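Listed below, chain by chain, are the residues.
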Amino acid sequence: MAPTAILGFGNPLLDISATVEQAVLDEWGVTLNNAIMAEDKHKSLYAKLAETHPVQYIAGGATLNAVRVAQWMLGAAGAESAGKTAFIGSIGKGDAFGEQMKAQARALAVGWVA
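Residues numbered from 1 in each chain as written. Predicted model: local features only at pLDDT ≥ 70, side-chain atom pairs only at ≥ 80, totals over all residues. Heavy atoms only, no water.

Naming follows an unreviewed UniProt entry, where the protein appears as Adenosine kinase of Diacronema lutheri. Quoted verbatim from the Function (unreviewed entry) field of the UniProt record, the comment on the protein reads "ATP dependent phosphorylation of adenosine and other related nucleoside analogs to monophosphate derivatives." UniProt, in its Cofactor (unreviewed entry) section for the protein, records the words "Mg(2+)". (UniProt positions renumbered as here; feature names shortened; annotations may be inferred.)

Trainee: How should the overall build of the protein be read in this particular structure?
Mentor: Within the protein one finds 4 helices and 5 strands. In the protein, the succession of helices and strands from N to C terminus is β-β-α-α-β-α-β-α-β. Buried residues in the protein amount to 27% of all 114 residues. For the protein, contacts bridging at least 24 residues in sequence account for 73% of all contacts bridging at least 6. (Helix = DSSP H or I, 4+ residues; strand = E, 2+ residues; numbered from the N terminus. Buried < 20%, exposed > 50% of the residue type's maximum accessible area, 1.4 Å probe, protein only. Contact = heavy atoms within 4.5 Å.)

Trainee: Got a minute to help me understand the pattern of salt bridges in this structure?
Mentor: Where charged atoms of side chains with opposite charge meet at close range, the side chains can pair. With the rule as written, the count across this model stands at 3 salt bridges. Residue glutamate 27 is joined to lysine 48 by a salt bridge in which the shortest nitrogen-to-oxygen separation is 2.8 Å. Taken together, the residues glutamate 27 in helix α1 (residues 22–28) and lysine 48 in helix α2 (residues 43–52) connect sequence positions 21 residues apart. The class for glutamate 27 is partly exposed, based on a relative accessible area of 42%. Between lysine 102 and glutamate 99 there is a salt bridge whose closest N-O contact spans 3.3 Å. (Salt bridge = Lys/Arg side-chain N within 4 Å of Asp/Glu carboxyl O.)

Trainee: I tried to follow the pairing of strand β5 (residues 110–113) on my own but got confused; where do I start?
Mentor: One face of the sheet, then the other: side chains in a regular strand alternate in exactly this way. Of the two faces of β5, the one holding Val110 and Trp112 is buried and the one holding Gly111 and Val113 is not buried anywhere. The pairing of strand β4 (residues 85–88) with β5 spans 4 bridges and is classified as parallel. In the sheet register, threonine 85 faces β5, and the bridge partner there is valine 110. For the segment spanning β4, helix α4 (residues 96–107) and β5, crossover handedness is right-handed. (Pairing = 2+ DSSP bridges. Right-handed = clockwise from strand over helix to strand, strands pointing away.)

Trainee: Teacher, can you tell me more about the sheet that holds strand β1 (residues 6–9) here?
Mentor: Note: strands within a sheet are paired through backbone hydrogen bonds, in either parallel or antiparallel orientation. Here we have 3 strands laid out as an open sheet, ordered β1-β4-β5, and parallel in their pairing. Looking along the sheet, the strands with just one partner apiece sit at the ends: β1 and β5. This sheet shows a mean twist of 25 degrees between the axes of neighbouring strands, independent of strand direction. In this fold helix α3 (residues 62–73) packs onto β1, β4 and β5, with an angle of close to 170 degrees to the strand it touches most, β4. (Axes fitted to C-alpha atoms, helices over the stretch in contact; angles between N-to-C directions.)

Here it is in structure tokens:
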């Protein structure tokens, strides 16, 4: 494994993307083709959304996105490029969404430092 060439420190975020009906947007209090930062009032809606619609979880945040692009530019997820990039960020202990972010990063050969 090659030594890490790029290390990013940042706040990891998990985007949740789904194609939904207007009624779902109204329930969430959001507008079409817009992004929002989740609030406490949205917490109960995540499970409902995942149960009723196909959802896509996308690991991100500015720093992790930049590291993912750097890894891609350095040679994607091939064995020779594995470990050239890494990310340091904080997630809650036992956070299932956090574990999902780590798995996505590792699948792209981005190291995740806990």
